[in-house]
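# Residue-level structural notes
Residues per chain, in single letters:
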Amino acid sequence: MRRHLRKRRTGTHGKTAARGSPFRAKRERENTAVTDMEKRDIKSLTLEELKCDMAELGEKSFRAGQIYQWMHEKLSDGFADMTSLSKNLRRKLEERCEYVCLEAVDRRISAADGTEKYLFRLSDGNVIESVLMRYHHGNSVCISSQAGCRMGCRFCASTLGGLKRSLRPSEMLDQVYRIQKISGERVTHVVVMGTGEPLDNYDNLLRFLRILTGEHGLHISQRNVTVSTYGIVEKMRALAGEKLQITLALSLHASSQEKRKQLMPVAFRYELDDVLEACRYYFAQTGRRITFEYSLVGGVNDTPEDAAGLGRMLAGFNCHVNLIPVNPIRERDYVQSDREVIRAFKNRLEKYGINVTIRREMGRDINGACGQLRRSYIEVREREEQV
Ligand code: SAH
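Conventions we followed
Residues numbered from 1 in each chain as written. Predicted model: local features only at pLDDT ≥ 70, side-chain atom pairs only at ≥ 80, totals over all residues. Heavy atoms only, no water. Near = heavy atom within 4 Å. Polar contact = N/O pair within 3.5 Å; in protein donor to acceptor, adjacent residues only side chain to side chain. Areas by Shrake-Rupley, 256 points an atom, 1.4 Å probe, with all protein chains shown as cover. Nonpolar A, V, L, I, M, F, W, Y, C, P; charged D, E, K, R; others polar. Buried < 20%, exposed > 50% of the residue type's maximum accessible area, 1.4 Å probe, protein only. Helix = DSSP H or I, 4+ residues; strand = E, 2+ residues; numbered from the N terminus. Pairing = 2+ DSSP bridges. Axes fitted to C-alpha atoms, helices over the stretch in contact; angles between N-to-C directions. Contact = heavy atoms within 4.5 Å.

### Thoughts on the site of the ligand
- Not every one of the 17 residues close to the ligand is listed here, only the nearest: S228, S251, H253, S295 and N327.
- Between the ligand and G196, the relevant distance is 3.0 Å, taken from a nitrogen atom to a main-chain nitrogen or oxygen of the residue.
- Against a free-state accessible area of 530 Å², the protein chains account for coverage of 94% of the ligand.
- Of the residues belonging to the shell around the ligand, the class tally is 7 nonpolar, 8 polar and 2 charged.

Below is the structure:
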């Protein structure tokens with residue numbers, strides 16, 4: 001553990017928005033943080049909401065703009081940093097609001113490719129992980145949308161301990177903010193592909209996307225943001241209706257309903273045809289090409305028949321297929337496909353005119369697979385608690 005990382009937090013921990021806040025009821029439904037005393041989660045508010053809050057406090061509305069800038073552009077660590085505000089206002093904010101600022105408890109840097117993995121502790125003690133990947137086109141941060149996951153995909157480490165709770169917008173944003181501050185490098189791309197199912201936390205996700213890409217925050221281009229879902233059909237359609245310019249990635253992993261059921265319990269809930277129809281709808285509504293993620297599992301979904309089935313299924317679909325060599329996790333006996341098999345799979349798909357890439361493995365030496373670092377941290381903590 002890297003104890004030298006910043007640990008300072010301001011505000012009171014474990015508090016959320018005031019009763020009657022627009023997202024309190026939804027938060028309860030989504031199993032997010034429980035309130036004790038009622039404090040406002042100020043980093044989850046839009047600029048308009050913050051303006052209303054300032055009016056309630058009898059402050060001028062330009063104060064809202066200043067505070068918003070301190071939080072979302074200057075990425076300040078707490079109210080104490082907001083030196084353009086009077087001491088009196090800072091004190092009022094401390095009393096009234098919670099300032100979410102994640103505590104980095106571990107940071108691992110891959111010797112192989114410079115990928116950085118972060119473990120953050122939330123105010124209620126849950127831990128989440130996020131990854132910084134460096135590409136020639138910029139720095140991409142992969143964030144978690146939930147602490148744990150309840151979706152049960154067979155090859156995924158994030159799902160093994162189940163879902164603890166969904167993350168608030170502030171907790172999603174602050175993964176990006178902390179990483180930009182700690183690494184000292186500008187984040188240009190964000191992928192919501194870490195632990196959790198983002199569309200299982202829909203309202204908080206949307207709020208996160210709006211603040212992240214809004215002109216008064218970090219202002220990351222919507223085109224540089226990807227949300228990956230395992231395919232909750234009605235939420236995919238709802239997202240299409242928001243008409244954002246983000247990329248939607250669908251975790252497909254199989255070319256037939258039956259095979260998908262073996263890998264992803266979601267397939268018992270939605271027919272593959274309906275999932276694909278929702279993808280077409282997303283493209284029609286937004287003009288954004290869908291990315292299909294296909295994790296190749298040795299001997300399970302990597303045969304020539306699988307490739308041909310996938311090719312037939314996606315031929316003519318304006319999409320992109322990302323092949324992910326499965327990252328084996330200890331708890332399951334899935335193995336990676338041979339390099340040759342992966343190449344052949346790609347070639348077969350390309351014969352159908354499909355745009356295919358193979359995901360470069362990054363950070364394998366630092367527990368790179370989804371949820372592995374978090375899981376190993378929780379295991380150590382549980383062992384410590386037993387002795
Ligand atoms: N719940 C969302 C986002 C999180 S997972 C989703 O399912 O899309 C991000 C991607 O990584 C998904 O495609 C997921 O299936 C894949 N994945 C998870 N664990 C993996 C592993 N061990 N090896 C390869 N891909 C994995």
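### Quick look at the pairing of strand β12 (residues 290-296)
- Among the 7 residues of β12, 7 are classified as buried, and the element is accordingly described as predominantly covered.
- Burial along β12 is two-sided: the residues I290, F292, Y294 and L296 and T291, E293 and S295 are all buried.
- Taken together, the 3 bridges between strand β11 (residues 247-251) and β12 define a ladder with parallel strand orientation. Residue pairing for β12: L250 is matched across the bridge by F292.
- Relative to strand β13 (residues 319-325), β12 is paired through 7 bridges, and the arrangement is parallel. Directly across from L296, in β13, lies its bridge partner P325.

### Considering the sheet that holds strand β10 (residues 225-229)
- If you trace the 10 strands from one edge of the open sheet to the other, you get β3-β4-β5-β6-β9-β10-β11-β12-β13-β14, paired in mixed fashion. Edge positions in the open sheet fall to β3 (103-109) and β14 (355-358), since each of these has one partner strand only. Looking at each pair of strands side by side, their axes are set apart by 20 degrees on average, direction ignored.
- Inspection of the sheet shows strand β4 (residues 116-121) paired to strand β5 (residues 127-135) by 6 bridges, in the antiparallel sense. Looking across to β5, one finds that K117 is bridged to V131.
- The strands that helix α11 (residues 339-351) touches are β12, β13 and β14; relative to β14, the one it contacts most, it runs at about 165 degrees.

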